[in-house]
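Report on the structure
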Amino acid sequence: MTNFYIADFLIDLSRSAVIKGEQQTQVEPKVLKVLLCLAERPNEVVTHQEIMEHAWPDTEVVPNA
């Protein structure tokens, strides 16, 4: 998946952008990976570990990073 919507916002992962109408905001790719992880599981609790595995696979990251 490279694009998905949250309400009126188009999240374009391939361009690292959040778009609403004519406005576009560049967002760090890792932030969008976290957003995707949460959007894929609406109304569910997503654990810290699941987010880490989704956004930082095969990388050791300390919890406060």
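Going by the structure above, here's the rest.
Below: a short report on this structure. Values in this document were obtained by computation on a predicted structure and should not be read as measured data. (Residues numbered from 1 in each chain as written. Predicted model: local features only at pLDDT ≥ 70, side-chain atom pairs only at ≥ 80, totals over all residues. Heavy atoms only, no water.)

1. Looking at the overall build of the protein chain
When helices and strands are tallied, the protein chain shows two helices and four strands. Ordering the α and β elements of the protein chain from the N terminus gives β-β-β-β-α-α. Here the C-alpha coordinates of the protein chain stretch approximately 40 × 25 × 20 Å along the principal axes. Pairs at least 24 apart in sequence give 15% of the contacts found in the protein chain among residues at least 6 apart. For the protein chain, the accessible surface area stands at approximately 5,000 Å², while carbon and sulfur atoms represent 54% of it. (Helix = DSSP H or I, 4+ residues; strand = E, 2+ residues; numbered from the N terminus. Contact = heavy atoms within 4.5 Å. Areas by Shrake-Rupley, 256 points an atom, 1.4 Å probe, with all protein chains shown as cover.)

2. Re the sheet that holds strand β3 (residues 17–20)
Strand order across the open sheet formed by four strands is β1-β2-β3-β4, with antiparallel pairing between neighbours. Because the sheet does not close on itself, it has two edges, and the strands there are β1 (3–6) and β4 (23–26). The sheet shows a mean angle of 25° between the axes of neighbouring strands, direction not considered. Here three bridges tie strand β2 (residues 9–12) to β3, and the two strands are oriented antiparallel to one another. When the bridges of β3 are listed, Ile 11 appears paired with Val 18. Where helix α1 (residues 29–39) meets the sheet, it contacts β1, β2 and β3, and its direction lies at approximately 65° from that of β1. (Pairing = 2+ DSSP bridges. Axes fitted to C-alpha atoms, helices over the stretch in contact; angles between N-to-C directions.)

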